[in-house]
Amino acid sequence: MSDLIHKTAAELADMLAAGTTTSVEITQAHLDRIAAVDGDLNAFLHVNAAVSLEAAKQSDARRAAGAPLSPLDGVPIAIKDVLVTTDMPSTSGSKILEGWMSPYDATVVTKVREAGLVPLGKTNMDEFAMGSSTEHSAFGPTRNPWDLDRIPGGSGGGSAAAVAAFEAPLALGSDTGGSIRQPAHITGTVGVKPTYGGVSRYGAIALASSFDQIGPVTRTVMDSALLHDVIKGHDVHDSTSLKDEWPSFADAVKNADVKGLKIGVIEQLDGEGFQPGVLSRFHEALELLKANGAEIVNVSLPSLAHAVAAYYLILPAEASSNLAKFDSVRFGLRVQPEGGGTVEQVMSATREAGFGAEVKRRIILGTYALSAGYYDAYYGSAQKVRTLVQRDFADAFSKVDVLASPTAPTTAWKLGDQLDDPVAMWRGDIATIPANMAGIPGISVPAGLADEDGLPVGIQFLAPAREDARLYNVGGALEALLEQQWGHTLLSQAPELKGGQR
Ligand code: GLN
């Protein structure tokens, strides 16, 4: 039964359809795995076995009655704590929301429930999704299943570690500047940032509203497609959600074929600042695609030189405004200064105690960037860069079908190594943030292990807005080619975790 944890969501769906297992068995196997290894990983902030098993029981009853809600009915899923839920706490990794319960479910949570998926719990994350390592969580860092002394990426390190460590076959993440794709790269999993507006943001605790997108974290491209197919689509509660009819992403994976596909390699993300092992796996993957009929060309996006600087002005500006609502009156924590205090003093004491260092840093930066006298110089200039990035992408996509780059410059670093140098950590987002600035979709697919440290490396593909299906085509094709070459999946190479069996 323990082998159920090593099945993909697609395989579990088939087994459930064939009646060879039950949702209760599958859910129990994953809860047992969490109990065995999460003490080491800290991927989950909240698990309630009884609630998950009850949902599994109901799923089994629907199957028995011949009325499953979807092919994934009964398959478990982990949910990033940035998404609000009525039956589990939602903290967004912050002390300021500790103990708060949401009166409603995020739309994506409603959608996974309506498809019969079984929520296993809420996953750890950098506070308010600010970070690239999950070390900024108020509830302790998540550790990387490949090496417990290393970071799992961030901000969605909990979701990625849970999936990589076989604690859950599927997870939901949020990607504002790479928080789905970068942890996928770091942990050897698959992560997808959909087109801006392709998936509802209603009930996702906002970081930077013009960048945020919700998406899947899984072990295979097909599983991401299956989950994306569940969560996509218009939502009346999110005015930025698109009314498009989306194609089946699972079909795009099934029919994956790169013959004739034109792939542009982004020159600015292929060289200086990138770890040699990251670049080797990247170029080998491109060779493999070429050998199978893809055309590879180089493209230049000059504005990317300024993308990190612009992102780290726009993001704090939007975040400082989104986080103003945590005022000690409406949500969560309230700290009374000794001997009472005015409303302002209570707010100030609460925000002082409730926010961590990275959040405070960004609130100060964002407030400054938006202040009168500096608005044009900082926020205004950053928005101009954003327009240039969008133009560079439009130009590139007039020449190629998809763009490719390494997902991030390095493999997983040691816990603590970058904590004293926030700007160094920010710089590591260079490959992922441009997609958020342009609203375009991106995927990270495992490309192998770096020679120098044996840690996972991801390759990123980007497509024009609304063309998410292209990512499933090229990602699905590459995954199949690589696994054929290796003779195994990447995650089967991860070391055994104490208490677990592989
Ligand atoms: N590392 C980026 C940041 O810290 C990504 C954030 C995200 O995607 N939520 O802003």
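First, a word on scope: everything that follows refers to the structure included in this document.

Reading guide: rules and limits
Residues numbered from 1 in each chain as written. Predicted model: local features only at pLDDT ≥ 70, side-chain atom pairs only at ≥ 80, totals over all residues. Heavy atoms only, no water. Helix = DSSP H or I, 4+ residues; strand = E, 2+ residues; numbered from the N terminus. Rg over C-alpha atoms; globule rule 2.2 N^0.38 Å. Contact = heavy atoms within 4.5 Å. Areas by Shrake-Rupley, 256 points an atom, 1.4 Å probe, with all protein chains shown as cover. Lys, Arg positive; Asp, Glu negative; His and termini not counted. Charge placed at Lys NZ, Arg CZ, Asp CG, Glu CD. Near = heavy atom within 4 Å. Polar contact = N/O pair within 3.5 Å; in protein donor to acceptor, adjacent residues only side chain to side chain. Phe/Tyr/Trp six-rings, centres within 6.5 Å; stacked < 30°, edge-to-face > 60°. Buried < 20%, exposed > 50% of the residue type's maximum accessible area, 1.4 Å probe, protein only. Lys NZ or Arg CZ within 6 Å of the ring centre and 35° of its normal. Bend = angle between axes of the 7 residues up to and from the residue. Pairing = 2+ DSSP bridges. Axes fitted to C-alpha atoms, helices over the stretch in contact; angles between N-to-C directions. Parallel < 35°, antiparallel > 145°, perpendicular 65-115°, else oblique. Left-handed = near helix turned anticlockwise from the far one by under 90°. Nonpolar A, V, L, I, M, F, W, Y, C, P; charged D, E, K, R; others polar. Expected span 1.5 Å × (residues − 1). Salt bridge = Lys/Arg side-chain N within 4 Å of Asp/Glu carboxyl O.

**A look at the overall build of the chain**
Of regular secondary structure, the chain possesses 16 helices and eleven strands. Relative to a compact globule of 502 residues, whose C-alpha radius of gyration would be 23 Å, the chain shows 21 Å and is just as compact. If you line up the chain on its principal axes, its C-alpha atoms span 65 × 55 × 45 Å. Put simply, of all contacts in the chain between residues at least 6 apart along the chain, 76% involve residues at least 24 apart. With the model as given, the accessible surface of the chain reaches about 18,100 Å², and the carbon-plus-sulfur share is 52%. One finds the centroid of the 40 positive side-chain charges in the chain at a distance of 3 Å from the centroid of its 59 negative side-chain charges.

**Quick look at the site of the ligand**
Taken together, 16 residues surround the ligand, and among them Thr176, Gly177, Ser179, Tyr311 and Arg362 come closest. In the model, an oxygen atom of the ligand is placed 2.6 Å from a nitrogen or oxygen of the Gly177 main chain. Taking Arg362, its side chain carries an N or O atom lying 2.8 Å from an oxygen atom of the ligand. For the shell around the ligand, the leading source of residues is helix α10 (residues 307-322), giving three residues.

**Points about the packing of aromatic side chains**
Two numbers describe a pair of aromatic rings. These are the distance of the centres and the angle of the planes. Tallied over the full model, the rule gives 15 aromatic pairs. Consider the rings of Tyr312 and Trp426, whose centres lie 4.4 Å apart with planes at 5°: the pair is stacked. One end of the pair, Tyr312, is in helix α10; the other, Trp426, is in helix α14 (residues 422-427), and 114 residues separate them in sequence. Among the residues examined, Tyr312 registers a relative accessible area of 5% and is labelled buried. A connected cluster of aromatic rings, assembled from ring pairs, spans Trp100, Phe128, Phe326, Phe331 and Phe355. The ring of Phe249 is capped by Lys232, whose NZ or CZ atom sits 4.8 Å from the centre of that ring.

**Points about unusual backbone geometry**
Put simply, Gly154 and Ser155 share a cis peptide bond, and its omega is 5°. As for its position among the elements, Ser155 is in the loop between β3 (118-123) and α5 (157-164). One non-glycine residue with positive phi stands out, namely Asn42, at about 60°. Relative to the helices and strands, Asn42 is located in the loop between α2 (23-41) and β1 (44-47). Relative accessible area serves as the criterion here: at 22%, Asn42 is assigned to the partly exposed category. Positive phi values are uncommon outside glycine, yet Arg466 reaches one of about 75°.

**Details of α2**
Ala35 marks the point of greatest bend in α2, at about 40°. Of the residues making up α2, those classed as buried are Ser23, Ile26, Thr27, Ala29, His30, Leu31, Arg33, Ile34, Val37, Asp38 and Leu41. Check the buried side of α2 and you find it contacts α1 (9-18), β1, α3 (49-64), β2 (76-80) and β3. Where α2 terminates, the next one or two residues include Asn42, which has phi positive at roughly 60°.

**Details of the pairing of strand β6 (residues 213-218)**
The buried fraction of β6 amounts to six of the six residues, a majority that puts the element mostly inside the structure. Bridging between strand β4 (residues 170-175) and β6 involves six bridges; their strand directions are antiparallel. Directly across from Leu170, in β6, lies its bridge partner Thr218.

**Section: the packing of α10 against helix α13 (residues 376-397)**
Interaxial distance between α10 and α13 falls to 9 Å at its minimum, and their mutual angle equals 125°. One element, α10, and the other, α13, form an angle in the oblique class. α13 is crossed by α10, and the crossing has left-handed handedness. On α13, the residues that touch Ala307, Ala310, Leu313, Ile314, Ala317 and Glu318 of α10 are Tyr378, Tyr379, Ala382, Gln383, Val385, Arg386 and Val389. Looking at the contact of α10 with α13 residue by residue, the class counts come to ten nonpolar, one polar and two charged.

**A closer look at the pairing of β4**
Among the six residues in β4, six count as buried, and that is most of the element. Of the two faces of β4, both are covered, the one formed by Leu170, Leu172 and Ser174 as well as the one formed by Ala171, Gly173 and Asp175.

**Considerations on the side chain of Thr8**
Note that Thr8 resides in the segment before α1. On the accessibility criterion, Thr8 (15% relative accessible area) is buried.

**Points about the packing of α2 against α3**
Where α2 meets α3, the axes come as close as 8 Å, and the angle between the chain directions of the two elements is 160°. As far as their axial angle goes, α3 and α2 are roughly antiparallel. Every pair of crossing elements has a handedness; the one defined by α2 and α3 is right-handed. Counting all contacts with α2, which are made through Ser23, Val24, Thr27, Gln28 and Leu31, the residues of α3 involved are Ala49, Ser52, Leu53, Ala56, Lys57, Ser59 and Asp60. The residue makeup of the contact of α2 with α3, split by class, is five nonpolar, five polar and two charged.

**Examining helix α16 (residues 468-486)**
Residues separated by three or four positions in an α-helix point in the same direction, a consequence of the helix having 3.6 residues per turn. Look at α16: 27 Å from first C-alpha to last across 19 residues, which is about the 27 Å you get at 1.5 Å a residue. Along α16, the residues classified as buried are Asp468, Leu471, Tyr472, Asn473, Val474, Gly475, Gly476, Ala477, Leu478, Glu479, Leu481 and Leu482.

**Examining the pattern of salt bridges**
Under the criterion given, the structure shown has 20 salt bridges. For Arg62, the salt bridge goes to Asp73, with nearest N and O atoms at 2.8 Å. With a gap of eleven residues between them, Arg62 in helix α3 and Asp73 in the loop between α3 and β2 connect regions that are remote in the sequence. One connected set of salt bridges, linked through shared partners, spans Asp87, Asp105 and Arg113.

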